[in-house]
Every structure is written in structure tokens, then in C-alpha cells.
Amino acid sequence: MEKIAVLIPCYNEELTIEKVVKDFKKELPQADIYVYDNNSKDKTAEIAKEAGAIVRKEYRQGKGNVVRSMFREIDADIYVMVDGDDTYPAEFVHQLMEPVRNNEADMTIGDRLSNGTYQQEIKKNFHEFGNNLVRGSINLLFNNKLKDIMTGYRVFNKMFVKNMPVMSPKFELETEMTLFALDKKYRIKEIPIVFRERPDGSESKIDTFSDGIKVIKTIIKMFKDHKPLKFFSILFVVLLIIGLMIGIPVIVEFCKTGYITKMPSAVLATGVITLAVISEQCGLILNTVVKQHKENYELNLLRYQQIEEKNKTEK
């Protein structure tokens, strides 16, 4: 029998959590609904339990920490992850689950942006700018055409959940998931959904500016970690151009007069160009390391699949 787990990370969602739990119980009566309370100061945990959810505590603050515990502790065939703020309608869960159930995708994404409902509900221009920046950067980095990178409504199969190391402690989590799936060549499918604004009295936990900076840092880090040759080659070119801009006047002066009077510029240019060469060497070395890491990951994934198949056969 197929085992479904609905994962709802929560922090101070007493106004909405009851409706979210009941909506998913209605759509998926056979599923186990888990609410992980992340140090809420209100009655989120009590209300969720009364609504029929399995309530657990995560004392390390941050959504990433919550999801890390969820992925480690919960065993299921299909995992549905959704926020507890009632912005994602439960009725779309069947469309999201279908590609995973049919083995067409390892992760499905609830795309809020294609039908325009997210733009209508979210009036903060910086939110939309941040989404566009992240989406454009990741699509450029991995030569992809994903439409919604940061949605919190996703469905995963067991292989993805049990083989993804969740590293981000907070709201960079969704970006990390997408980057990880693209880098490790998991199958991703986007399903357009309707997005609802939070009800009156419910406040978003996202700090537009600070969380935006964290997401940008995550992109830069992932770029460095997953595409080191490109990352350090760009750094090489930038440093080389700066070094040449500083050094060319020195070379021109030497060719004309046979002397170097701009000694500080000569030293600076030499230092910058040396850094450029070192940067390119770092890229070449790290590219070999990343390639080896990917090969090891694929081998470990193959072993995981063999163990899972053996366990199913024994059952």
C-alpha cells in the first residue's frame, strides 16, 4: 500500500494551521499529516494536534532545520511539502503527486508564477525582483527553463528525500532543493497552481531584504561548488582585465623610456595577474574534485536503489 506523508513546517501559524491540516485530510484521507512546530509562541501545535495532525517539535530555528529533521525521520513513498500559512490550495496536490506516482518525476514544483496569481497577491516589488533574479541565475547556470524556483509547495519521491543533504538552515531551502535537483540530474516537473495571499492577521516570516541576500549568497556558493571551472574562470577574466588595465601603462612607459617610474602600479598589476592565474588553477583542480564527487554520488544512489528494491522484494 502506498504511503503518503504531508510535511508542514510551522512557526506561529495558529490562524491557518487548522484549515491547512483539514484541507489535506480531505484531499488525502489515507495520508499521514506531520506538523513540525519550530518553537512557536502561539497555539500552533495544540491546534494542529486537535485538527488530526501528527505534531513533532524541532528546536533548531529555521525552516531548513525543520525539513532536515522531516526528511531524516519520516518514511514514506510520496512526500508532500507545503507551508502552514494556507497560501497553497490543497486541491492541487493530486496534480502534483501524479508525475511522481507515475515515475515521471522525482520532484514536482507548484508553479505560482505562470498564471499570474502570485503577482496579483504579492504587492512587494522586491519579492518579484528577487524571484526573477534567482530564477534567471539558476536557469542560466544550469541551462534550464524553470519558472518558479522558490515555491514552498512540492512533492518528492523517496529516493530524492533520502538522498538530499539539507544544508541551508532557513529560507534558502527551496533554492537549495532546486539547485541540488538540477545538479544531480533529478527529474523535475512544474505544475501551475493558484496562489492565495495570507489571511488577515497572519504575518509572513520572510524578511524580504535579509532573506534575499541569503538566497543570493546561496546561488554564489552553489555556483562555486557545482560549477567551479566556470566560477573561477570568470574570476580569472575579471582579475586579468583589472591587472592589464593597471599594467599596460607601465609596459608602455617601459617600452618608450626603458624605465619604470610607476613602481606601485607595476607591483599591483603583477599581484593581480598572479591572483588571476591562481584562480584559474583553483577552478581546474576543483572541477576535477566535483566530477569525482558526482561519480561517487551516482554510485551511492545506485546502491540505495538496489537496497530499496531488495527491501521491497523481502516484504
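Keep in mind it's a predicted model, so treat the numbers as computed, not measured. (Residues numbered from 1 in each chain as written. Predicted model: local features only at pLDDT ≥ 70, side-chain atom pairs only at ≥ 80, totals over all residues. Heavy atoms only, no water.)

A. Quick look at the pattern of salt bridges. In the structure shown here, the tally under the stated rule is 19 salt bridges. The shortest N-O distance in the salt bridge between R101 and E2 comes to 2.8 Å. Here the residue R101 occupies a position in helix α4 (residues 93-101), and E2 occupies one in the segment before β1 (4-10), the gap between them amounting to 99 residues. For K184, the salt bridge is made with D183, and the minimal N-O distance between the two is 2.8 Å. Of the two residues, K184 and D183, neither departs from the other in class, the shared state being buried. Here the residues in one salt-bridge network are K19, D23, D86 and R196, joined through shared partners. (Salt bridge = Lys/Arg side-chain N within 4 Å of Asp/Glu carboxyl O. Helix = DSSP H or I, 4+ residues; strand = E, 2+ residues; numbered from the N terminus. Buried < 20%, exposed > 50% of the residue type's maximum accessible area, 1.4 Å probe, protein only.)

B. View of the packing of helix α3 (residues 63-73) against helix α8 (residues 173-183). Where α3 meets α8, the axes come as close as 9 Å, and the angle between the chain directions of the two elements is 50°. Between α3 and α8, the angle falls in the class oblique. Contacts between α3 and α8 pair K63, G64, V67 and F71 from the former with L173, E174 and M177 from the latter. Taken together, the residues that form the contact of α3 with α8 break down as 4 nonpolar, 1 polar and 2 charged. (Axes fitted to C-alpha atoms, helices over the stretch in contact; angles between N-to-C directions. Parallel < 35°, antiparallel > 145°, perpendicular 65-115°, else oblique. Contact = heavy atoms within 4.5 Å. Nonpolar A, V, L, I, M, F, W, Y, C, P; charged D, E, K, R; others polar.)

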